[in-house]
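Tertiary structure, described
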Amino acid sequence: MPELPEVETVRRGLEEVLPGRRASRVEVTGRRTVRRQSPSELVSRLQRRRFRRPDRRGKYLALGLDSGDVLVIHLRMSGQLLYLPEPSAGARLPHTHVVVGLDDGSELRFVDPRTFGEWFVTGDLRPDGLPAEFDRLGPDPLADGLSTALLRERLLGRKVAVKAALTDQRVIAGIGSIYADEICHAARVRPDRRVETLGMAETRALALSSSRILRAAVVHRGSSLKDERYVDLMGTLGSYQTRHRVYDRAGEPCARCGAAIERVRFGARTAYCCLGCQS
Ligand SMILES: [Zn+2]
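What this report covers is the structure whose coordinates are included nearby.

1. Let's talk about helix 6 (residues 200–219)
- For helix 6, built from 20 residues, the straight-helix expectation of 28 Å at 1.5 Å per residue is met to within 8% by its first-to-last C-alpha distance of 29 Å.
- Along its buried surface, helix 6 packs onto helix 1 (4–17), helix 3 (148–155), helix 4 (162–166) and helix 5 (177–186).
- Phi turns positive, to about 60 degrees, at R221, one or two residues after helix 6.

Here it is in C-alpha cells:
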C-alpha cells in the first residue's frame, strides 16, 4: 500500500502539471471509486473547475479547486494516479475508474485493480483549507513535523505495540507497514515492544528516525515492491526499496550488526526486524 513517501511523490508530480489547469471533462466508470457521494455529484463539482496547488496529509491527497471545494484522493491498496500529456498515445489500462481530461489536452487517470481507492469532493473544510475530516488524523511527520515531545504526547496512554501505534493514522498520519519496520530498525527499537515501556531516548530515536526515513524515501521517490503496484504520476517505479534495511529481508544479514533479519509475529501482525541490534 502506498504510504507517505509514495503519496508525496505523486503530489510533487501533480504540483508540476496541475495548478491552473481546468478539468474540462470528468468520466467516472468505477462503481466503487466514488462511493461517498454520487458519481454525478462528483462530476458536477469537479467539471469546469480549476486546480490550485495540491496538498497532502498522511496518505490523503487534497487537491484544492477554484470553487473552494477540495478533491480528496486516497490510493489505498492498489490505486495509481497517472498523468498522460498526450492521452491519445496510450490505451486505457484495465481497471481505469476515473478519467479527468484537462484543458490543455492532457489527462489524469485513476487505475485501481482492487478498488479500495477513493475519490470525493468536499466543501466541509478547516480554516487551513484542508477537509474537516482530516482532524481525526495525527500529525504528518513531514508536513507538520514530529518532535520528541509531540510523539511522546501522541503515544501517551496507549497500550499497544510500537508498530501498531506508528501505523495508527490517528496517532501519526502517513506511516504503514514498510516504513514502520524501517523506522523501528533505524531507532534500534523492536516493533513488537509495548509503547508504555519506551524510555525518553527511545521515543526521541523514533521521532528522529520517522522524519529521517520518510524524507529519504521521498528523495528516492518511494518504494515499489515486487508487485510493482506503486508507480509515480508518470508511471515510473520508485527506488527506495533497494535501501530497505529490514522490510521483506528475512534471512539477510543486518547491515548494522550482521545478525539475520527476522519476521516476527505479535498478535495479528508481523514485522521485519533485527533481534541483534533492536531491543
Ligand atoms: Zn542488527
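The structure having been displayed, the exposition proceeds.
2. Quick look at the coordination of the zinc ion
- Around the zinc ion, the protein contributes the donor atoms C254 (SG), C257 (SG), C274 (SG) and C277 (SG), at 2.2 to 2.4 Å from the metal centre.
- Each donor residue of the zinc ion belongs to the same chain, with the gaps between them written as C-x2-C-x16-C-x2-C. Here the residue C254 occupies a position in the loop between helix 6 and strand 9 (262–266), and C274 occupies one in the segment after strand 10 (269–273), the gap between them amounting to 20 residues. In this pair, the class of C254 matches that of C274, namely buried.

3. Re the pairing of strand 3 (residues 60–65)
- Among the six residues in strand 3, six count as buried, and that is most of the element.
- Residues Y60, A62 and G64 point to one face of strand 3 and L61, L63 and L65 to the other, with burial holding for every one of them.
- Both strand 2 (residues 51–57) and strand 3 contribute to a ladder of five bridges, which runs antiparallel. Its bridge partner being in strand 3, D55 is matched across the sheet by A62.
- In textbook terms, the turn of a hairpin is the stretch between consecutive antiparallel strands, and for strand 2 and strand 3 this stretch comprises two residues, one of which, G58, has a positive phi near 55 degrees.
- Here five bridges tie strand 3 to strand 4 (residues 70–74), and the two strands are oriented antiparallel to one another. Following the sheet pairing, A62 is matched in strand 4 by V72.
- In this structure, the hairpin formed by strand 3 and strand 4 is closed by a connection of four residues, where G68 is found at a positive phi of approximately 100 degrees.

4. A closer look at the side chain of S223
- Positionally, S223 belongs in the loop between helix 6 and strand 9.
- Given the relative accessible area of 4%, S223 is considered buried.
- Looking at S223, its side chain comes within polar contact range of the side chain of Y179, at 2.7 Å.
- What S223 contacts, discounting residues up to four positions off in sequence, is E6, I178, Y179, Y230, Y240, Q241 and H244.

5. Considerations on the packing of helix 5 against helix 6
- With their axes 9 Å apart at the nearest point, helix 5 and helix 6 run at an angle of 125 degrees to one another. Taken as axis vectors, helix 5 and helix 6 run oblique relative to one another. The element helix 5 and its partner helix 6 pack so that their crossing is right-handed. Residue-level inspection shows Y179, E182, I183, C184 and A186 of helix 5 in contact with helix 6, the latter providing L206, S209, S210, R212, I213, L214 and A217.
- For the contact of helix 5 with helix 6, the per-class residue count stands at eight nonpolar, two polar and two charged.

The rules behind these values
Residues numbered from 1 in each chain as written. Predicted model: local features only at pLDDT ≥ 70, side-chain atom pairs only at ≥ 80, totals over all residues. Heavy atoms only, no water. Helix = DSSP H or I, 4+ residues; strand = E, 2+ residues; numbered from the N terminus. Expected span 1.5 Å × (residues − 1). Contact = heavy atoms within 4.5 Å. Donors = N, O, S within 2.8 Å, 3.2 Å for Na, K, Ca; no water. Buried < 20%, exposed > 50% of the residue type's maximum accessible area, 1.4 Å probe, protein only. Pairing = 2+ DSSP bridges. Polar contact = N/O pair within 3.5 Å; in protein donor to acceptor, adjacent residues only side chain to side chain. Axes fitted to C-alpha atoms, helices over the stretch in contact; angles between N-to-C directions. Parallel < 35°, antiparallel > 145°, perpendicular 65-115°, else oblique. Left-handed = near helix turned anticlockwise from the far one by under 90°. Nonpolar A, V, L, I, M, F, W, Y, C, P; charged D, E, K, R; others polar.

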